[in-house]
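Secondary and tertiary structure notes
For reference, the chains in residue letters:
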Amino acid sequence: MEFVSDDALVIRTQPYGENHRLVLLLTKQWGLLRALAYGAQKQHGPLYGATQTLVLSKVLMSLNSNGLSDIKQMEIQTSFPLIRQDPLLLLYATAVNELLWRLGQVEQQQQSLPPSVFFEVLACLNKLGQVSPGLLFTHLELRLLPFIGVMIDTTHCAECGAPLRDTTRFSLAKGGGLCETCQSGRDDSHAILLLPSTWRLLGKLVATPLHKLGHVKVSERYERQLALIIRLYLAEYAGVTLRSLQVIESENL
Ligand SMILES: [Zn+2]
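Residues numbered from 1 in each chain as written. Predicted model: local features only at pLDDT ≥ 70, side-chain atom pairs only at ≥ 80, totals over all residues.

1. Quick notes on the sheet that holds strand β7 (residues 176-177)
If you trace the three strands from one edge of the open sheet to the other, you get β7-β6-β8, paired in antiparallel fashion. Two strands bound the open sheet, and with one partner strand each, they are β7 and β8 (192-193). By the bridge criterion, two bridges tie strand β6 (residues 169-171) to β8 in an arrangement that is antiparallel. Pairing of Arg 169 across the sheet is with Leu 193, part of β8. (Pairing = 2+ DSSP bridges. Helix = DSSP H or I, 4+ residues; strand = E, 2+ residues; numbered from the N terminus.)

Below, the structure written as structure tokens:
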């Protein structure tokens with residue numbers, strides 16, 4: 001049997017029998033993988049710590065044709081202690097896992113994820129605590145949209161398809177921004193009136209990988225508006241609502 005080595009982040013874990021664990025991993029080379037960790041339920045076993053959610057490891061495993069890999073060894077790189085100490089950051093990190101889990105459900109019918117996804121998720125986790133976690137997570141959601149099978153076109157009018165540099169109107173019904181012609185006379189009760197420059201900022205985030213974006217500081221009003229757009233869009237077009245984000249919002253964290 002051939003073993004391969006890769007970096008892997010544990011997204012989900014569940015018991016398998018009395019002693020073992022099934023885990024969903026985000027790996028650098030193979031995207032999302034389901035794997036079996038033998039003996040990982042045993043508290044003093046070698047795989048116990050590494051198979052907790054939100055742990056990054058070097059993993060040695062066999063890739064099996066049945067879609068379920070076998071984990072041979074795991075060497076912990078980090079368990080993100082700064083995130084675990086902060087309840088708000090931990091909720092955002094849990095939201096990252098929730099989003100990836102949803103992505104895994106879509107990915108089963110699609111191609112595997114490119115390594116860029118692994119780098120963007122790691123950039124998000126590494127930057128949590130350094131910059132606004134809300135904006136960071138919105139950025140990750142925007143970057144992962146195409147892998148969920150949906151995408152906001154930030155350069156064309158969602159109604160007529162004309163090139164669109166900027167707009168102050170986002171139509172949820174049409175799934176995008178509207179040009180001036182299409183805005184006038186339109187009775188769209190679900191349209192969101194955008195603050196100036198929100199649309200351009202959205203376009204910049206859609207186009208820039210997380211690990212390549214420098215420091216961006218925006219006011220809370222913009223941050224909330226961007227988050228609102230992406231949440232409504234994800235719920236409407238992908239049926240995705242993330243529980244951790246609802247907790248953050250309901251408790252006003
Ligand atoms: Zn138009």
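There is more to say after this.
2. Here we look at the sheet that holds strand β4 (residues 56-62)
In space, the five strands of this closed barrel follow the order β1-β2-β3-β5-β4, with mixed pairing throughout. Taking each pair of neighbouring strands and ignoring which way they run, the sheet shows an average axis angle of 50 degrees. As defined by bridge partners, strand β1 (residues 3-16) adjoins strand β2 (residues 20-27) across eight bridges and the pair is classed as antiparallel. Along β2, the bridge assignment pairs Tyr 16 with His 20. (Axes fitted to C-alpha atoms, helices over the stretch in contact; angles between N-to-C directions.)

3. Quick word on the nonpolar core
Counting 60 residues, the largest nonpolar core has Leu 25, Leu 26, Val 96, Val 121 and Cys 124 as the members making the most contacts within it. If you count residues domain by domain, this core takes at least three from each of domain 1 (3-79) and domain 2 (82-152 + 187-250). Residues in contact with Leu 25, not counting those within four places in the same chain, are Ala 8, Leu 9, Val 10, Ile 11, Leu 33 and Ala 35. One finds Ala 158, Leu 178, Cys 179 and Cys 182 within the second-largest nonpolar core, a separate group that totals six residues. (Core = buried A, V, L, I, M, F, W, Y, C linked by C-beta atoms within 7 Å. Buried ≥ 20, exposed ≤ 12 C-beta atoms within 10 Å, placed from the backbone. Domains from an automatic or database assignment. Contact = placed C-beta atoms within 7 Å.)

4. Considering the packing of helix α6 (residues 198-207) against helix α7 (residues 220-238)
To characterise two packed helices, one gives the angle between the axes of the helices and the distance between these axes. In the contact formed by α6 and α7, the axes pass within 11 Å of each other and the chain directions differ by 65 degrees. For the element pair α6 / α7, the angle class is roughly perpendicular. Considering how the two elements wind past one another, α6 and α7 form a crossing that is right-handed. Along its contact with α6, which presents Thr 198, Leu 201 and Leu 202, the element α7 presents Tyr 222, Gln 225, Leu 226 and Ile 229. Its residues assigned to classes, the contact of α6 with α7 comprises five nonpolar, two polar and no charged. (Parallel < 35°, antiparallel > 145°, perpendicular 65-115°, else oblique. Left-handed = near helix turned anticlockwise from the far one by under 90°. Nonpolar A, V, L, I, M, F, W, Y, C, P; charged D, E, K, R; others polar.)

5. With respect to the pairing of β4
Relative to β4, β1 runs antiparallel, the two being bridged by seven bridges. Bridge pairing in β4 links Phe 3 to Ser 62. Bridge count between β4 and strand β5 (residues 68-78): seven bridges; the pairing is antiparallel. Residue pairing for β5: Leu 60 is matched across the bridge by Gln 73. Two successive antiparallel strands, β4 and β5, enclose a turn made up of five residues, where Gly 67 displays a positive phi of approximately 85 degrees.

6. Overview of helix α4 (residues 133-148)
Taking 1.5 Å per residue, 16 residues should reach 22 Å; α4 reaches 22 Å between its end C-alpha atoms and fits that length. For α4, the buried fraction is high: 14 of the 16 residues fall into the buried class. Once α4 ends, the next one or two residues include Gly 149, with phi positive near 100 degrees. (Expected span 1.5 Å × (residues − 1).)

7. Observations concerning the domain arrangement of the protein
Assigned domains within the protein: domain 1 (3-79) and domain 2 (82-152 + 187-250). Relative placement of domain 1 and domain 2: their C-alpha centres are 25 Å apart. Across the boundary between the two partners, domain 1 contributes 13 residues, which contact 13 residues of domain 2. Residue composition of the side of domain 1 that touches domain 2, grouped by class: seven nonpolar, four polar and two charged.

8. Description of the packing of helix α3 (residues 115-127) against α4
Between α3 and α4, whose axes approach to 10 Å, the crossing angle comes to 170 degrees. Relative to α4, α3 is oriented roughly antiparallel. Counting all contacts with α3, which are made through Val 117, Glu 120, Cys 124 and Lys 127, the residues of α4 involved are Leu 136, Phe 137, Leu 140, Arg 143 and Phe 147.

9. Considering the environment of Leu 234
Among the structural elements, Leu 234 can be located in helix α7. Taking C-alpha positions, Leu 234 is 9.5 Å from Leu 142, a pair spaced 92 residues apart along the chain. With residues near it in sequence (within four places) discarded, Leu 234 still touches Glu 141 and Val 240.

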